[in-house]
Structure formats: C-alpha cells, structure tokens
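# Residue-level structure breakdown
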Amino acid sequence: MYKIGNTMCRLFRSSMLSLKDAVYGFTPYVGYPKNGNIGDEHLYHLALRYLKPANLIYDMFTRGRLLKVSLLGSKGYYLVGGGSLIFGKDFISKFERLSSLGFSPIFWGTGSRELPTDQNQQKHWNSLLKEAQGGVRGVLTQQCFQKIGLNVEVIGDTGFLINLDFDTNDFAEDYVVIIPRLIPFRNALLHALDLKRLDYLKDLVDKLASLGVKIVVYLPCMEDAPDLQLWLSTMKTIVHIQVYNGEIDPFIKLVRGAKAVVSMRLHPGIFAYALGTPTAFIEARDKYFDAISILSDKPAMMDVNKFSKEELLKHVVDLLQEDLEMRKERFRSVRTIALNQLERSKKIASLLVG
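First, a word on what this report is: a plain description of the structure on this page.

Conventions and cut-offs
- Residues numbered from 1 in each chain as written.
- Predicted model: local features only at pLDDT ≥ 70, side-chain atom pairs only at ≥ 80, totals over all residues.
- Heavy atoms only, no water.
- Helix = DSSP H or I, 4+ residues; strand = E, 2+ residues; numbered from the N terminus.
- Contact = heavy atoms within 4.5 Å.
- Pairing = 2+ DSSP bridges.
- Axes fitted to C-alpha atoms, helices over the stretch in contact; angles between N-to-C directions.
- Expected span 1.5 Å × (residues − 1).
- Buried < 20%, exposed > 50% of the residue type's maximum accessible area, 1.4 Å probe, protein only.
- Arc of directions from axis to C-beta.

### Points about the environment of Leu115
Tracing the backbone shows Leu115 in the loop between strand 5 (104–112) and helix 5 (119–129). Between the C-alpha atoms of Leu115 and Ile148, which are 33 residues apart in sequence, the distance is 9.0 Å. The contacts of Leu115, once residues within four sequence positions are left out, are Phe87, Gln122, Cys144, Lys147 and Ile148.

The following block contains the structure:
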C-alpha cells in the first residue's frame, strides 16, 4: 500500500510539473523560424516584434500531451508566417491538425506554392482555409485562392516592414553586394539552373572588378554556404565575403549602404529593396513575381534563359550609376506599403490576444 501511494504521489508531482511547464494561451506559428536562412528566420522575428503581445510558438508538434493544455487560453487562431507555405505538401499536416483542433488560419504576408491540379485536393484546401483572415503576399497567391473559390486580401511580403527601421536612405558607398544560392542536388532542375546562374554571377564579378568596382559576396543561408565557399574559391577575382551567422543587423547595414544588390535569393533582395537600394534578381520563378507584384516600380527579374551575360552587366552598371533621388523615392514608395502592414499587424495582434 505504501509503494502504491508513493508511486501515485510521484506521478501527481510529475503531472503538476508538466502542467506548470506548459505555455498557456500561445498562438501556433507555421513557418520556418529556425532553418538557418536569413529570410525565413527574420520574418519570424518580425512577427514576434510586430504582433506583440501575441505569444507565438513554432514548436507545437513537439509538445505531445501538453499541446491541448497549452491551447486552453488561446483565441482559436494560428498564424501562417512569411514565405511560400500555402498549398505546400510539407505543411498540409500542420494545417490539418490545427483545423481538427478548431483553429482558423491568419495569413501574415504569406505566399503560396503551385496550386494542386487535382479537384479533390483543391476542395480539401478550401475546407482548411475557408475561415482564413489576414492578408497574403501577392496577386499570384490571391489568384490561387480565387481558383478554389476563396477571396483574400493582398498586403505584401512582410519583409517590407524593415523599411520602418529608418527614416530614409540617402547615401551609397562604393561597393556592390552579390547574393548567390545553390539549391541542393535533390532538386535536380533548380540545382542545374542555379549552376547556370552562378556562372552568370561569376562572369559579372569578373567584369565589375575589371571596372574597379568593389564586390561583397554575402551568403545568407547556412545550408548552401559550404558549397558556395567552394565556388568562391575557384574565382580569380578577389571578393569580400560575409556569411549569415544568425544576426540580421550586419546584413542590413551592408545592403543599406551598397550602391546596388544582385540577388538570387528572394528575401535578401526584398530587404535590400525595402531599404531603397537598387536591386536586381537573378531569378524568374512565380514566387518572385508574386512578392514584387505589390510594387509600383518593380526590380528587374533577370532570367538566365532570356538574358545574356552582357545584358546583365549593362543592367547592373546602370544601377550603380543611379541617382540618389531615385533611391530615396524607392524608399518612400515602400514606406507606404510598410505603414499599411503595420496597421494590419495591429489588427491581427488584437485577434490573436482577444
């Protein structure tokens, strides 16, 4: 009898400790907050900053039996953060589980992937998203929603909120920032295209250096940084290299002061453009056009299958010669978008906390 009573006491104390450790009233966050990619990680930090006092938690699926306890004080919503997340096969299980728990999605500048062509899958997504609130990244995402019979507002990529950290951008130092990427071989098609894009960038670096331009290469993703370091080691041109280490501030300082930014990655380019810096993308996938669709003055999308190396060089040289007034005007145009996102964020935060 003593042993049974002692065991019950231990179980009770263990249960109480577990309940004490549970986080009450949190809002599940769907996204990529800890993947070593400067874009995805900083979008999460922006959500933490602009959606206060909402308590965003991204590791909900590791909480096991404490999950429902943690949900007790929530308001019945989950936040779908920045990036291309909607219609993704790797995210549908999270949408399904949260929906089964009675939660509705709130989009915060979220983008979509390619809409499934299967009618049953489209109906399933309709059932998961029909109660959604908030706003999405761009018009292509909006069109995907319209195809499954849903309406959603466009508020733009929330990376534009970086604009609010400064009053203007009226200076430029004498260097250009190059942001490469190398998608892993497991995606053979995009990997091959990235190798072609890197060949274009290597040629661009050599030609800019021959014109006396200082070049800084920034590696924004921890996954492909080792392979890109090997690529850089094959260059005959000496470049300055910076690598993302989890801190955003060095990158912001770098691109804000650059004469121009040439990026293969989406969000580093969005951040640079939001700060007023002349920006060109060496990409042409739908998600890039979706992200810039809200802009009146759109940055160039240099598809390597449609533009020559010489055309790329000419465009970048033109950016380097841009008047500072155009930089300030670009900054002011993004400010309007960012201020609208700020107001929308306040409304979303009030929904999350009640």
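So much for the structure itself; the text now carries on.
### Some thoughts on the sheet that holds strand 8 (residues 176–179)
Ordered by their spatial adjacency, six strands build an open sheet running 10-9-8-11-12-13, and the pairing between neighbours is parallel. Since the sheet does not close on itself, it has two edges, and those belong to strand 10 (240–243) and strand 13 (300–301), each with one partner. As paired elements, strand 9 (residues 215–219) and strand 10 share four bridges and run parallel to each other. Along strand 10, the bridge assignment pairs Leu219 with Val243. Strand contacts of helix 7 (residues 188–210): strand 8, strand 9 and strand 11 (260–263), with the helix running at about 165° to strand 8, the strand carrying the most contacts.

### As for helix 12 (residues 309–320)
Over its twelve residues, helix 12 runs 17 Å from end to end, which matches the ideal 16 Å to within 8%, given 1.5 Å per residue. For helix 12, the full list of buried residues reads Leu312, Leu313, Val316, Leu319 and Leu320. Buried residues of helix 12, seen end-on, are gathered within an arc of 120° and therefore sit on one face of the element. Seen from the buried face of helix 12, the exposed residues on the opposite side, beyond 90 degrees, are Glu310 and Lys314. Residues of helix 12 that are buried in the fold lie against strand 8, helix 7, strand 11 and strand 12 (279–281).

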